[in-house]
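Understanding the architecture of this molecule
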Amino acid sequence: GNSVTQMEGPVTLSEEAFLTINCTYTATGYPSLFWYVQYPGEGLQLLLKATKADDKGSNKGFEATYRKETTSFHLEKGSVQVSDSAVYFCALERFSNDYKLSFGAGTTVTVRA
Amino acid sequence: DAGVIQSPRHEVTEMGQEVTLRCKPISGHDYLFWYRQTMMRGLELLIYFNNNVPIDDSGMPEDRFSAKMPNASFSTLKIQPSEPRDSAVYFCASISQGSNTGELFFGEGSRLTVL
């Protein structure tokens, strides 16, 4: 079945550091891939997505590239800010006969000033 | 649009009491999901509906949990009787199968504490 494995946290960084959160997936066919972010006290919200191989999703300085050859969708940001402190979830979606969305376990990121 | 609306935002109750959580999905969305989030188990899918019909309830922990969707604009998740281990944040989310973004929209969650 479809599943997502993401890097375990927590991750603690200093402001302006480089952030990478690894995400790999197992799926049949050609799923869409997402990163969701959850800020403290809030629900999850979409950060970025990619719908096919080699697509790059980007938003708020974050990027992730859909790599079919390595079944990966790693999240990166070149210079993090304190406001990026949140929990990040990798997710895989299939919309065929029915809707399937699989979330990773989430990675807690704390950015210190 | 107001987004997915959940109530109450916070609920504190005593063990054995009935708890009802409510959700209003985004208008026009035909899928509705209930998730539970805890530190120990992370984000868990409890149940989801398509056009008000329950499709997969395999994530519902036990018979104490039940969910209904009487119409396209309202869903409830009920716990009876509640237990301390049910303490968690419960999220409702919705999406339209016709969506061209594939984005699942989440409510702000209902934080439940069972004493």
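Look up a bit, the structure's there.
Residues numbered from 1 in each chain as written. Chains lettered and ligands numbered in written order. Predicted model: local features only at pLDDT ≥ 70, side-chain atom pairs only at ≥ 80, totals over all residues. Heavy atoms only, no water.

**What about the sheet that holds strand 9 (residues 75–77) of chain A?**
All names here are of chain A. Taken together, the four strands give an open sheet; going across it, the order is 3-9-8-7, and neighbouring strands pair in antiparallel fashion. A strand with exactly one partner marks an edge of an open sheet, and here the two such strands are strand 3 (19–21) and strand 7 (56–59). Taking each pair of neighbouring strands and ignoring which way they run, the sheet shows an average axis angle of 15°. Summarising the sheet, strand 8 (residues 62–65) and strand 9 pair through three bridges and their orientation is antiparallel. (Pairing = 2+ DSSP bridges. Helix = DSSP H or I, 4+ residues; strand = E, 2+ residues; numbered from the N terminus. Axes fitted to C-alpha atoms, helices over the stretch in contact; angles between N-to-C directions.)

**Considerations on the pattern of salt bridges**
Applying the stated rule across the entire model yields 12 salt bridges over all chains. One salt-bridge network, in which partners are shared between bridges, spans Glu62, Arg64, Glu83, Arg85 and Asp86 of chain B. (Salt bridge = Lys/Arg side-chain N within 4 Å of Asp/Glu carboxyl O.)

**Quick word on the interface of chain A and chain B**
In this assembly, 18 residues from chain A lie in contact with 20 residues from chain B. Across the chain A to chain B interface the summed buried area is about 1500 Å²; carbon plus sulfur atoms make up 53%. Across the contact surface, chain A and chain B share zero salt bridges. Joining chain A to chain B, the criterion identifies two residue pairs in polar contact (both at pLDDT 80 or more). Of all the secondary structure elements, the ones that give two or more residues to the side of chain A that touches chain B are strand 5 (32–38), strand 6 (44–50), strand 10 (86–95) and strand 11 (99–103) of chain A. Taken together, the residues of the side of chain A that touches chain B break down into nine nonpolar, four polar and five charged. (Contact = heavy atoms within 4.5 Å. Buried area = accessible area lost by both parts, 1.4 Å probe. Polar contact = N/O pair within 3.5 Å; in protein donor to acceptor, adjacent residues only side chain to side chain. Nonpolar A, V, L, I, M, F, W, Y, C, P; charged D, E, K, R; others polar.)

**With respect to the layout of surface pockets**
Any empty space left between the atoms is revealed when a probe the size of a water molecule rolls over them. In this structure, the largest pocket encloses a volume near 680 Å³. As for the largest pocket, its lining consists of 28 residues, and the residues nearest its centre are Gln38 and Val87 of chain A together with Gln37, Thr38 and Met39 of chain B. When residues of the lining of the largest pocket are traced back to their parent elements, those giving at least two are strand 10 and strand 12 (107–112) of chain A together with strand 4 (31–38) and strand 9 (88–95) of chain B. Tallying contributions element by element places strand 10 of chain A first for the lining of the largest pocket, with three residues. In terms of residue class, the lining of the largest pocket is made up of 11 nonpolar, 12 polar and five charged. Of the volumes computed, that of the second largest pocket is approximately 340 Å³. Of all elements in the fold, only strand 11 of chain A together with strand 4 and strand 5 (42–50) of chain B reach the threshold of two or more residues within the lining of the second largest pocket. (1 Å grid on protein atoms, 1.4 Å probe; cavity = no way out; pocket = protein on both sides within 12 Å on 5 of 7 lines; lining within 4 Å. Points joined across faces, edges and corners; volume = space filled by probe spheres on them.)

**Let's talk about unusual backbone geometry**
In this model, Ser7 of chain B is joined to Pro8 of chain B through a cis peptide bond whose omega is -10°. When you line up the elements, Pro8 of chain B lands in the loop between strand 1 (5–7) and strand 2 (10–13). Omega for the peptide link from Gln80 of chain B to Pro81 of chain B comes to -10°, which places this bond in the cis form. Relative to the assigned elements, Pro81 of chain B resides in the loop between strand 8 (74–79) and strand 9. With a phi close to 55°, Lys60 of chain A is a non-glycine residue in the positive phi region.

**Regarding the packing of aromatic side chains**
The final tally for this structure, using the stated rule, is 14 aromatic pairs over all chains. Note on Phe103 of chain A and Tyr35 of chain B: the rings are 5.7 Å apart at their centroids and 85° apart in plane angle, and the pair reads as edge-to-face. Here Phe103 of chain A is found in strand 11, whereas its partner Tyr35 of chain B is found in strand 4 on a different chain. Grouping residues by exposure puts Phe103 of chain A and Tyr35 of chain B together as buried. Ring centres of Phe33 of chain B and Tyr35 of chain B lie 6.2 Å apart, and the angle between their planes is 25°; on these two criteria the pair is classed as stacked. The exposure classification of Phe33 of chain B matches that of Tyr35 of chain B, with both residues buried. (Phe/Tyr/Trp six-rings, centres within 6.5 Å; stacked < 30°, edge-to-face > 60°. Buried < 20%, exposed > 50% of the residue type's maximum accessible area, 1.4 Å probe, protein only.)

**Quick notes on the sheet that holds strand 3 (residues 19–24) of chain B**
All names here are of chain B. One open sheet accounts for four strands, arranged 1-3-8-7; its pairing is antiparallel. Each edge of the open sheet is held by one strand with a lone partner, namely strand 1 and strand 7 (65–71). Between one strand axis and the next, the sheet turns by 15° as a mean value, whatever way the strands run. The pairing of strand 1 with strand 3 spans three bridges and is antiparallel. Each bridged residue has a counterpart across the sheet, and for Ile5 the counterpart in strand 3 is Lys24.

**Let's talk about the pairing of strand 5 of chain A**
All names here are of chain A. Buried residues dominate strand 5, accounting for seven of its seven residues. With six bridges joining them, strand 5 and strand 6 adopt antiparallel strand pairing. Note that in strand 6 the partner of Tyr36 across the bridge is Leu46. Where strand 5 hands over to strand 6, the hairpin turn is made up of five residues, of which Gly41 adopts a positive phi near 75°.

So far we have only geometry, and geometry alone does not tell us how the molecule works.
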